[in-house]
Amino acid sequence: MFTRSNLQRRAFLGQSSQGLGAIALASLLQPAHAAPMRGVLGKLPLPQKANRVIWLTMAGGPSHLETFDPKPKLAEMDGKPMPESFTKGQQLAQLQGKPLNCFGPQHKFAKFGKNQIEICELFPQIGSVIDDICLIRSMTTDAINHDPAHMFMNTGSQIAGRPSMGSWITYGLGTEAADLPGFVVLTSLGQGGQNQPIAARQWSSGFLPSKYQGVQLRAKGDPVLYLTNPNGVTRDRQGADVAAINALNKQHDALVDDPEIATRIAQYEMAFQMQASVPDLMDVSAEGAKTLELYGCQPGDGSFASNCLLARRLAERGTRFIQLYHKDWDHHGGVKLGVGQKAKEIDRACMALITDLKQRGMLDETLIVWAGEFGRTPMSQGGSGRDHHNKAMSVWLTGAGIQGGIVHGATDDLGYAAVEKITTVHDLHATMLHQLGIKHDAFSFKFQGLDAKLSGVEGAKVIKDILA
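Residues numbered from 1 in each chain as written. Predicted model: local features only at pLDDT ≥ 70, side-chain atom pairs only at ≥ 80, totals over all residues. Heavy atoms only, no water.

## Points about the side chain of S164
Worth spelling out the cut-off: A run of DSSP states H or I qualifies as a helix once it reaches four residues; a run of E qualifies as a strand once it reaches two. Both are numbered from the N-terminal end. We call a residue buried when its accessible area falls under 20% of the maximum for its residue type, exposed when it is over 50%, and partly exposed in between, using a 1.4 Å probe and counting protein chains only. Any two residues having at least one pair of non-hydrogen atoms within 4.5 Å are treated as being in contact.
Here S164 lies in the loop between α5 (146–155) and α6 (165–173). The buried category is assigned to S164, whose relative accessible area is 1%. If near-sequence neighbours (up to four positions away) are discounted, S164 is found in contact with N154, T155, F183, Q202, W203 and S204.

Now the structure itself:
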């Protein structure tokens with residue numbers, strides 16, 4: 001039942017929201033005045049070498065034995081039983097309880113750079129910039145199946161619901177982009193048949209405020225669904241709607257002080273800004289033929305190469321954490337053909353990203369990490385493939401105070417386990433945070449009575465040997 005007081009209250013709220021909405025609309029329609037999202041950290045405790053991170057995820061688990069870890073002894077033992085001393089009592093995925101025979105590397109290796117670092121000859125473009133790269137051959141992980149292994153690499157925990165590294169970093173440092181998210185995800189498909197889905201929880205903010213979660217931009221078609229307004233809806237009208245909604249949200253927030261309302265306000269405003277900024281981001285027509293040739297891509301083709309170019313454009317625009325997923329590295333069979341195809345898809349693009357950033361003076365403050373979720377076994381699966389493996393994998397880093405042209409750590413003669421300068425995913429996270437100016441063991445969030453950390457509680461260490 002409507003009363004005079006009801007009508008007066010509704011009129012007051014309506015007039016208030018219109019007044020607040022007009023103020024908010026003015027700020028929305030003047031993006032130059034929009035302020036980037038700030039992080040919770042004030043003055044950083046360490047020198048900040050990296051201003052941003054570009055993380056290249058090779059989804060599926062690339063074989064270190066066909067990419068960056070040469071094993072001539074394994075080649076000699078091809079087809080022979082794997083010595084039991086390596087595997088007895090060890091965790092395996094699909095090969096558990098089956099005959100374990102050595103499977104030699106399926107491609108030759110070649111030497112590159114001043115220090116003659118050996119990598120698979122399928123990657124000559126990466127080889128051409130190897131003097132800028134630190135290759136870690138002694139990385140290990142805790143997980144042995146895809147989804148928990150991705151969770152562990154992204155969050156430092158196999159338990160779903162923890163914040164991803166991109167969320168941790170934007171929570172701590174904020175972003176320099178006023179009209180783009182601080183954490184952006186791009187995915188690309190390989191040409192093979194193992195394009196397993198990547199769940200959105202991999203870039204979740206977990207128990208951190210949801211405004212820090214990653215935003216996925218689609219590489220083909222509309223980068224964001226519902227980005228364009230319906231016919232007849234102008235930008236001014238859309239802005240007025242957003243402003244009015246946010247004015248009401250702000251009134252509600254003043255009453256209940258709910259952080260998720262503040263997040264909702266920020267998301268409305270960011271979505272409105274992205275309607276203008278994302279089309280500009282995706283329009284690479286101004287890049288020129290030389291840049292497109294460098295990356296080896298065509299605009300809008302949805303390839304890993306195009307996503308590398310978009311990563312550079314996002315970095316230029318102030319996005320703090322950019323994560324690229326390239327699928328189809330899960331070679332339980334046909335590893336020779338499969339890695340050959342992957343090399344064609346990523347080799348030039350990785351080189352181009354490094355070269356492009358370096359030419360623009362951005363590599364010194366951009367940390368690039370190349371990693372899968374685990375490695376592969378030196379034993380054969382089905383005669384032509386390799387099983388999941390967590391005791392040995394290769395990753396590489398470049399830029400932002402990382403020593404170039406070096407190899408860190410080593411695996412045993414057969415590539416089964418890391419044996420020299422063994423490193424962990426927690427160590428990798430700790431090193432990443434260190435280069436961003438953050439002390440990993442002091443950067444935490446209270447959750448369920450515990451001080452949760454990206455680098456875990458197991459005693460992670462910064463990999464100081466790889467720092468310049």
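Moving on, there is more to tell.
## A look at the packing of aromatic side chains
Our working definition: Centres within 6.5 Å are what make two rings of Phe, Tyr or Trp a pair, Trp counting through its six-membered ring; a difference in plane orientation under 30 degrees is then read as stacked, over 60 as edge-to-face, and the rest as tilted.
The tally for this structure, following the rule as stated, stands at 15 aromatic pairs. Their ring planes at 90° and their centres at 5.1 Å tell us that F68 and W370 sit as a pair that is edge-to-face. Here the residue F68 occupies a position in the loop between β1 (52–58) and α2 (72–76), and W370 occupies one in strand β8 (residues 366–371), the gap between them amounting to 302 residues. Geometrically, the ring pair formed by F207 and F447 is stacked, given 4.1 Å between the ring centres and 15° between the ring planes. Taken together, the positions of F207 in the loop between β5 (183–188) and β6 (215–216) and F447 in strand β16 (residues 445–447) put the pair 240 residues apart, joining distant regions of the chain. Cluster of aromatic residues (ring-pair linked, three or more members): W168, Y171, F207, Y212, F443, F445 and F447.

## Digging into the nonpolar core
Just so we agree on the cut-off: Among buried residues, those of type Ala, Val, Leu, Ile, Met, Phe, Trp, Tyr and Cys that are joined through side-chain atoms within 4.5 Å constitute a nonpolar core.
Among the nonpolar cores identified, the biggest contains 55 residues, and L56, I119, F304, I368, W370 and W396 are the most heavily contacted of them. With 11 residues, the top contributor of residues to this core is helix α11 (residues 335–359). Of all hydrophobic cores here, the second largest spans 47 residues; its members include W168, Y171, A452 and A460.

## Some points on the pairing of strand β2 (residues 109–112)
Inclusion rule: In short, DSSP must find at least two bridges between two strands for them to pair.
Across 4 bridges, β2 lies against strand β3 (residues 117–120) in antiparallel orientation. Following the sheet pairing, F109 is matched in β3 by C120. In this structure, the hairpin formed by β2 and β3 is closed by a connection of 4 residues, where G113 is found at a positive phi of approximately 80°.

## Some words on the pattern of salt bridges
What counts here: Salt bridge, as used here: a side-chain nitrogen of Lys or Arg that lies within 4 Å of a carboxyl oxygen of Asp or Glu.
For the structure on display, the rule yields 20 salt bridges. The salt bridge partner of E316 is R312, with a shortest N-O separation of 2.8 Å. With E316 and R312 both in helix α10 (residues 304–316), this residue pair falls 4 residues apart, about one helical turn. Residue classification places E316 among the partly exposed positions, given a relative accessible area of 36%. Of the residues examined, R312 reaches a relative accessible area of 2% and is grouped as buried. Here R317 makes a salt bridge to E316, at a shortest N to O gap of 4.0 Å. Within the structure, one salt-bridge network assembled from shared partners comprises E287, R312, R313, E316, R317, D356 and R360.

Any functional reading would require information that these geometric values do not contain.
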